[in-house]
Amino acid sequence: IFSDLVHVLGLKKASKKVKLQLLQTLSMLVQNIRRQTSVYYILSNNHVNRLMSTNMDFDDEEVLAYYITLMKSLAMRLDNESIKFFFIQHPEPSFPLYIEATKFFSHKDHMVRATVRTITLQVYKIEDQPMRRFVLRHAAESYFSQLAYHLQDLWLRLNAAASKVTSEDELSAVRRENELQQDLQIYLSDVFELGIEELNEVLADRLLNGAILPVLLAGVSNASAQRNGNTVVRILSPHVALFLIRQVLDTFHCPVLVEPMAQALLWSTVPAALAYVLPGQVKEASFTTKEGDFVKNPLRDSFLATLSLPEDRTFLMAAAVLHGCIMKRTVFSDDFLVKAQLLPSQPRKNSQPKSGSKASETTQSLPEALALLYQAITDRTCWQLQQYMALVRMFLEVAHASHMTAVVHAVALKASMASMRAAAAHVQEVLREAQAGDDGGAWLVDIFCEEWEQHKAGLLHLPEFFTDPRRLIPPEGRGSGRRSSLQRYGLVAAQHAVRSLFLCRRLVRGLQCPRQEAPSEPGQPSPQWLRFSDEPSPLQLDEASRPIEGSQMDLNGRSSIGCSFTSAKASSAQRMQRHLVLDPAWLVLADTENANEAVVTTVWPIWQVQSLIDRSDPRTLQIGMNAPKPGMKPGEAVAYNPPISTYFTLTLNFTDLKACNEAAVHLQTRRLAIRSQMLQQVATFVERCKGGTSADHEAPVALESVSVSTGF
């Protein structure tokens, strides 16, 4: 019967419905057989191999879907015993299930590609030596080369998509291409993780010579294209190439693939055989060592130059590649990192310092690549928050790594302190110019508080951050992270300056923590420098006198102004009568129960309150209140953008113009007075940072002690 079914499937005259039903029936049959003897009976007589080799209309998506499902069902039956039914040795070696499956390795349908990868991984696991020799020969001659060229094509498509993107709104095509190449990398990594030495060597050779060396590493070189005979070979943009190199480092853990790539990128001299396939020209003659013939690496200078480029995307991804190599301890030995000049060479145990010299770690020279990285941090001060946090985490992980010497940690701290002092001087310039403005720079307080809360977040998970295709689009705002000459400071420039100071300071504080490596596996405890920071803001104000909403307030000796507003909580519009208490530090609304007692209904810090008299009705005062974080709500105020909001509004109506004006003057005057005092705290904090101090702050200032005339 099985023979007849296979015969019908091969008939051109057989209808599509019949073929689909047969494929579905066979697939269900294979999936649901439980007895092993029945499985062997179905697989005998070579009917399955004839079925796999039967020509069908694979342009028809339905036919292909059922055919691929049947192939997967059969592959799930593969083991060391059943392999003899699928792999035929005589008269010639043949393995139709595997050969036919690999023909669909680059199919446009994700499910088809996933099935092909499942089948091949299942085949590679089988420990049958004749079959493995056949598969290895097929992989070497065609399949692995096809995978390498397909990966090359996906990388070039990603580069083309990224070159057309200018904002996150245009990122969909880049995301799609990035996901495709990531999926293929993960599959290739799964092949390596099987641990089959002969297979790994062949796959590594094809990937290196078919994709990594001619395309990926060529993108790091200065040339925009390479000429091979009469044809121009396309290569990647430097930031795209570095983005992909970092992904390769994160995805693959097999030394036979990753070591030659890192060697070609970082070693000052490389084996002559490798040098002649690298992008760039070999200009110097080879020299012989006990390890073989070596020449100067033509690619290394191009890579190191990316650490000095003003373009932020390229610099960040180059730093990510260095970090990925340094932290990949399971692949790169200390000796390898020393040769790559990513790790200081260790002094010999028996060596003695020369007479009259001061031999200490502090006199050792820093490796060139690390030196470039540390020199760059001072200039990179105008970044977006996430990019800067990623850089901070990379610096901390490298400096706290157990295989790093004390000199690296000391140089990192010194560079970070210099960066913090430079950032503090920059913020001082911002302060001076802002304080010369109409409101005395009161708006800087909001920036300072917002940036403080944001910079305390836990540091980013780097592998996830560096696989995000948003790393490929141009940075928002200014194109370069380098500091420009001081001009009129706007909001964005002030944000960048304050953010830079906070993150440089966090870097310094992280380096001053006890040395402890970042966790290498999920679930391991995080070191202190990696966790969410609970450090209080330097703009601490004493809130001991803050009234409590719902509590009783004695109005004796307190000035207040009667007002009303429309309650948003009432089922219908209802005017609520309140008293605005003229407190020096707080906006306080109270519901008067009698002449002297009231219940507090709304309390909010005056420095976070904005007030504006309505032009259409001068007896109406529009109130806006900022919350430092979501979840905080001032009493009866209305959220501007519910359900999660950090801005609230309230409309107060007064009986006459004089009362409304008195309330507005009180709120505005106290807001500016307190903000002026807070700016003095900012100035003190910045001065301490400029002096190289990253310690905790001074005691909070009592709000009631702030004079109305301070700074005005």
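Residues numbered from 1 in each chain as written. Predicted model: local features only at pLDDT ≥ 70, side-chain atom pairs only at ≥ 80, totals over all residues. Heavy atoms only, no water.

Novice: If you had to explain helix α18 (residues 368-376) to someone new, which residues and values would you point to?
Specialist: Burial runs high along α18: seven of the nine residues are buried. What α18 keeps buried is the set Ala 369, Leu 370, Ala 371, Leu 372, Leu 373, Tyr 374 and Ala 376. Those residues of α18 hidden inside the fold are in contact with α15 (300-305), α16 (312-327), α19 (385-400) and α20 (406-435). (Buried < 20%, exposed > 50% of the residue type's maximum accessible area, 1.4 Å probe, protein only. Helix = DSSP H or I, 4+ residues; strand = E, 2+ residues; numbered from the N terminus. Contact = heavy atoms within 4.5 Å.)

Novice: Any details on the pattern of salt bridges? Residues and values, ideally.
Specialist: Tallying each qualifying case throughout the model produces 26 salt bridges. Ionic pairing is found between Glu 61 and Lys 108, a salt bridge with its closest N-O pair at 3.9 Å. One end of the pair, Glu 61, is in helix α5 (residues 61-75); the other, Lys 108, is in the loop between α7 (96-102) and α8 (110-125), and 47 residues separate them in sequence. Of the two residues, Glu 61 and Lys 108, both sit in the exposed class. (Salt bridge = Lys/Arg side-chain N within 4 Å of Asp/Glu carboxyl O.)

Novice: Give a detailed account of the side chain of His 400, specifying residues and quantitative values.
Specialist: If you trace the backbone, His 400 turns up in helix α19. Classification of His 400 by relative accessible area gives buried; the value is 2%. The residues touching His 400, leaving out its near neighbours within four places in the chain, are His 409, Gly 510, Leu 511, Cys 513, Pro 514, Arg 515, Gln 516, Glu 517 and Trp 529.

Novice: Provide a residue-level description of helix α9 (residues 129-163), including the pertinent values.
Specialist: Taking 1.5 Å per residue as the helical rise, α9 with its 35 residues ought to reach 51 Å, and the 47 Å between its terminal C-alpha atoms agrees with that figure. Where α9 bends most, at Ala 139, the angle is about 60°. (Expected span 1.5 Å × (residues − 1). Bend = angle between axes of the 7 residues up to and from the residue.)

Novice: Quick one: what's the story with the pairing of strand β15 (residues 647-653), residue by residue and with numbers?
Specialist: Regular strands have side chains that alternate between both faces of the sheet. Of the two faces of β15, only the one carrying Phe 648, Leu 650 and Leu 652 is buried; Tyr 647, Thr 649, Thr 651 and Asn 653 on the other face are not. Relative to β15, strand β13 (residues 620-626) is paired through seven bridges, and the arrangement is antiparallel. Paired with Gly 624 across the two strands is Thr 649, which belongs to β15. Bridging between strand β14 (residues 638-639) and β15 involves two bridges; their strand directions are antiparallel. When the sheet's bridge partners are listed, Ala 639 is paired in β15 with Phe 648. (Pairing = 2+ DSSP bridges.)

Novice: Account for the nonpolar core, naming residues and giving values.
Specialist: A general tendency of soluble globular proteins is for nonpolar side chains to be buried together. In this structure, Phe 95, Tyr 124, Phe 144, Ile 245, Phe 303 and Tyr 374 are the most contacted members of the largest nonpolar core, which totals 196 residues. By residue number, the principal contributor to this core is α9, which donates 15 residues. If you look at the next biggest cluster of nonpolar residues, it comprises 24 residues, including Phe 565, Leu 589, Met 625 and Ala 637. (Core = buried A, V, L, I, M, F, W, Y, C linked by side-chain atoms within 4.5 Å.)

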